[in-house]
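Analysis of the macromolecular model
What follows is the residue order along each chain.
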Amino acid sequence: MTTKPSNVPSLEVRTDHISPNPFQSRKTFNEESLRELAESIREHGIIQPLIVCPNGAPGTYLLIAGERRWRAAQSVGLETVPVVVKPHPGDDALEELAIVENIQREDLNAVDEALSYQRLLDRLGNVKAVAQKLKKHPTHIYNRLTWLKLEPEIQNLVVQGALQGDVRVANALLSIDDSQKRVALAQRLAGLNATIKAIELACRRLSEKIADANEPMLTRARRSAGKAKPDAAFIPLAALREAARNMCAQCDVKSETLANRVGEPAWTLIVHSANETCGQCSVRDVAGACDGCPGVEMLRRIIEVQKIKQELSKKVKRA
């Protein structure tokens, strides 16, 4: 049996005679939250009536506010719910009411909130007008709208609660030019429950990697070497040998060849050893973990020096 406040005139309407607001911008409802609400309704009834308006056919109504209560009431088998009937406000006002009701809820995810703003933006024409209508700061609206620039797969991670809806996360992901790699990284980070700082770091590393891949090899190597001290543009061969020995000390493909060659170690052996060693690392799947690894930095410098020498050798042969 439902309980109604005495100062709110309401009537009982069948739940199946009520339709959801077609302008509802909330696309997902937290199942756990709905279950808790349903249990409360089962025990105490619906305290606050739903707000509805006529929906054309006699005895049918359209929800203006209270869709969660309506859904929860249906889930516990209530045949009727208390409602307050308002005149139909018109489609524009009905959409605006749905948006206002949604954004006033603290559990609204960033993507659904952004979709709400976008619908108002399409109608009002500019963010300032939307901000004035909703009593929100324009910066907040701009930040939320950032999520709509990302792929649906990434937006779904936010809707599901697997990825944080902070604008810093959105901006970090947008710094990655490759859409496919951006989605793959977002899914991986969501699975790791990464922090915002870890997400920013992982995105920066991937963005740099993509930029490096698109840069001519010799230019990239010289640029990286130029960051070092002027007298350390090239790593001494002895240092390379020692670093390689340390890197591969626990690798199952290590060999005396690598440790005792007079010249530089075979390039394929270095790559194979590095892959085997990194493959055994217990934190290799943690975003940003490789950035502090001295072995990884050593390999980067080996690659840079090796490619410079290969390019110079080609130039000498052509000359």
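Residues numbered from 1 in each chain as written. Predicted model: local features only at pLDDT ≥ 70, side-chain atom pairs only at ≥ 80, totals over all residues. Heavy atoms only, no water.

**Focus: the pattern of salt bridges**
Enumeration over the complete set of coordinates arrives at seven salt bridges. A salt bridge links Glu151 to Arg182, with the shortest nitrogen-to-oxygen separation between them at 2.5 Å. On the criterion of sequence distance, the pair formed by Glu151 in the loop between helix 6 (138-145) and helix 7 (152-159) and Arg182 in helix 9 (residues 179-192) is long-range, its members being 31 residues apart. Comparing Glu151 with Arg182 shows no difference in burial state: the two are buried. (Salt bridge = Lys/Arg side-chain N within 4 Å of Asp/Glu carboxyl O. Helix = DSSP H or I, 4+ residues; strand = E, 2+ residues; numbered from the N terminus. Buried < 20%, exposed > 50% of the residue type's maximum accessible area, 1.4 Å probe, protein only.)

**Some remarks on unusual backbone geometry**
Excluding glycine, a negative phi dihedral is what most residues carry, and trans is how most peptide bonds are arranged. The phi torsion at Lys135 lies on the positive side, around 60°, for a residue other than glycine. Examined against the element boundaries, Lys135 turns out to sit in the loop between helix 5 (127-134) and helix 6. In this structure, Asn193 takes a positive phi of about 55° despite not being glycine. Along the polypeptide, Asn193 turns up in the loop between helix 9 and helix 10 (196-213).

**Some words on the sheet that holds strand 1 (residues 11-14)**
Taken together, the five strands give an open sheet; going across it, the order is 1-5-3-4-2, and neighbouring strands pair in mixed fashion. Looking at which strands have only one partner, the edges of the open sheet turn out to be strand 1 and strand 2 (18-19). With four bridges joining them, strand 1 and strand 5 (residues 80-85) adopt antiparallel strand pairing. Directly across from Glu12, in strand 5, lies its bridge partner Pro82. Strands in contact with helix 2 (residues 67-75) are strand 2, strand 3 (50-54), strand 4 (61-65) and strand 5; relative to strand 4, the strand with the most contacts, it is inclined by about 125°. (Pairing = 2+ DSSP bridges. Contact = heavy atoms within 4.5 Å. Axes fitted to C-alpha atoms, helices over the stretch in contact; angles between N-to-C directions.)

**Here we look at the environment of Leu157**
Take Leu157: it is sitting in helix 7. A relative accessible area of 12% means that Leu157 is categorised as buried. Residues Leu157 and Gly191 lie 34 residues apart in sequence; the distance between their C-alpha atoms is 9.8 Å. Ignoring anything within four residues of it in the chain, the contact list for Leu157 reads Ala162, Leu163, Ala186, Gln187 and Ala190.

**Regarding the pairing of strand 4**
Sheet faces and side chains relate simply in a regular strand, where the side chains alternate between the two faces. Within strand 4, five of the five residues are buried, which leaves it mostly tucked inside the rest of the structure. In terms of strand pairing, strand 2 meets strand 4 through two bridges, oriented parallel. Across the sheet, residue Ser19 finds its bridge partner in strand 4, namely Leu62. Pairing of strand 3 with strand 4, which is carried by four bridges, proceeds in the antiparallel orientation. Following the sheet pairing, Cys53 is matched in strand 4 by Leu62. Joining the antiparallel neighbours strand 3 and strand 4 is a turn of six residues, in which Gly56 adopts a positive phi near 95°.

Honestly, that's just the spatial picture; any functional story needs more than this.
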